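# Architecture at a glance
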Amino acid sequence: MERIVKDLASISQLMIFSKIVETQSLTKAASKLGITPSAVSKSLAQLEERVGTMLVRRTTRSVALTEHGKSFFEGTAKLLNDIGDVVEGARKLHAKPAGQLTISCSIAFGVTRLAPLVTRYCELYPEVVPMISLEDRHVKLAEDTADIALRITALTDWSYPARKLASIHWIYCASPQYLQRFGTPGDPGELADHRCLVYRAMTMNGAWSFRKTNEIRDVQVKGAILSNSSSLIFEAAKQGQGIACLPTYLVADSILSGQLQPVLPGYRSGMSHTLYAMYFHGRHSNPCIRTFIDFLADEIGPEPSWDADLENLRTGSA
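First, a word on scope: everything that follows refers to the structure included in this document.

Conventions adopted
- Residues numbered from 1 in each chain as written.
- Predicted model: local features only at pLDDT ≥ 70, side-chain atom pairs only at ≥ 80, totals over all residues.
- Heavy atoms only, no water.
- Disulfide = S-S within 2.5 Å.
- Helix = DSSP H or I, 4+ residues; strand = E, 2+ residues; numbered from the N terminus.
- Buried < 20%, exposed > 50% of the residue type's maximum accessible area, 1.4 Å probe, protein only.
- Polar contact = N/O pair within 3.5 Å; in protein donor to acceptor, adjacent residues only side chain to side chain.
- Contact = heavy atoms within 4.5 Å.
- Patch = residues over 30% accessible without salt bridge, like charges linked within 9 Å, V, L, I, M, F, W, Y side chains within 5 Å.
- Areas by Shrake-Rupley, 256 points an atom, 1.4 Å probe, with all protein chains shown as cover.
- Salt bridge = Lys/Arg side-chain N within 4 Å of Asp/Glu carboxyl O.
- Core = buried A, V, L, I, M, F, W, Y, C linked by side-chain atoms within 4.5 Å.
- Pairing = 2+ DSSP bridges.

### A short note on the state of the cysteines
- For the structure shown, the criterion picks out zero disulfides.
- Considering cysteine sulfurs only, Cys-288 is the nearest to Cys-122, which forms no disulfide, with 9.9 Å between them.

Next comes the structure, spelled out in structure tokens:
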């Protein structure tokens, strides 16, 4: 305990020493710190005794650092800056979220799932002003102004901190009208005879992937419509244009209402994706960023409501 007290006292001495260097005067340093000149002189003498060398040459008009003093001041400035960062980080952790929060997100997830989440978040933190940018390209945080990028990806390596929010599952589906007209496939191989609505991110070399237990099967499909927009494919499926492979967060409500029906329910998509919240290094202490990511994790995970609703429909649970 005695050593801790001495170390705490030495931090005070470092702060006084730093102010002496800044003002180039013991008297001015005393005035800036609100203490007496004699207290500044005593603190400096104690610090020099502690380090075992002279740090400052004193004259009647000014002070100047010795060579040892210059080297010592470089370390002192870094240490005091680090201490300031720790204190500021702790302050931000308990600060009230306020101000603009810029969020980047895909169009489909933003419209169907993010909008109501942001509404509920703003009820908790009314002083936060969300600015939501919806686009289907992968935002590079270094080139964009987003505080948080919500990204659905199969990748696992990137240069930003990221928090996993949920696993993203995909389902094959079509409208009842389409299935009544063209029939319901009982095997993935039968898709060659069907109109397929192809979201390009879910194809590999022109094939859809199907998983059953531990076996993965790739099936070549002919696209009646191809698009880089899952929202467009979703609308086409609802209009009876064909069979689509779409994320459950997008189609769950339409399946629950009967507007769409699962196709090949014994199979899952062979491709898997994950929803992450990405942010800049060192910014998680920002109260807006921290509270919004925590809120999303609590609201979405570990089992998203849209997947739970589909599982209840499949099993007949209430």
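### Structural notes on the side chain of Ser-209
- Relative to the helices and strands, Ser-209 is located in strand β9 (residues 207-212).
- For Ser-209, a relative accessible area of 11% gives the class buried.
- Separated by 3.3 Å, the side chains of Ser-209 and Asp-218 make a polar contact.
- In this structure Ser-209 touches Tyr-172, Ile-216, Arg-217, Asp-218, Arg-268, Ser-269, Gly-270 and Met-271, once residues within four positions along its chain are discounted.

### Looking at a nonpolar patch on the surface
- On the surface, Ile-107, Val-111, Ile-132 and Leu-134 cluster together to form a nonpolar patch covering roughly 300 Å² of accessible area.
- Tracing the backbone shows Val-111 in helix α5 (residues 107-124).
- Looking at Val-111, the relative accessible area reads 54%, which means it is exposed.

### Brief notes about the pattern of salt bridges
- For the structure on display, the rule yields ten salt bridges.
- Measuring nitrogen to oxygen at the nearest pair gives 3.0 Å for the salt bridge that ties Arg-58 to Glu-48. Residue Arg-58 is found in strand β1 (residues 56-58), and its partner Glu-48 is found in helix α3 (residues 37-51); the two are separated by ten residues along the sequence.
- Look at Glu-48 and you get buried, because its relative accessible area is 12%.
- Here Arg-120 makes a salt bridge to Glu-299, at a shortest N to O gap of 3.0 Å. A residue pair is termed long-range when its members are at least 10 positions apart, and Arg-120 in helix α5 and Glu-299 in helix α9 (residues 287-300) qualify at 179 residues.
- Glu-299 sits in the partly exposed class, given a relative accessible area of 38%.

### Things to note about the nonpolar core
- Phe-109, Leu-150, Trp-208, Val-251 and Phe-292 are the most contacted members of the largest nonpolar core, which has 63 residues in total.
- For this core, the leading source of residues is α9, giving eight residues.
- Setting aside chain neighbours within four positions, we find Val-251 in contact with Ile-171, Cys-173, Phe-234, Leu-246 and Leu-260.
- By size, the runner-up hydrophobic cluster in this structure holds 14 residues, among which are Leu-14, Ala-29, Val-40 and Val-63.

### Remarks on the pairing of strand β15 (residues 273-279)
- Extensive coverage of β15 is indicated by the burial of seven of its seven residues.
- Burial along β15 is two-sided: His-273, Leu-275, Ala-277 and Tyr-279 and Thr-274, Tyr-276 and Met-278, pointing in opposite directions, are all buried.
- When strand β5 (residues 148-153) meets β15, the two strands line up antiparallel, connected through six bridges. Counted as the bridge partner of Leu-150 is Ala-277 from β15.
- Relative to β15, strand β6 (residues 162-168) runs antiparallel, the two being bridged by six bridges. Looking across to β15, one finds that Lys-164 is bridged to Tyr-276.

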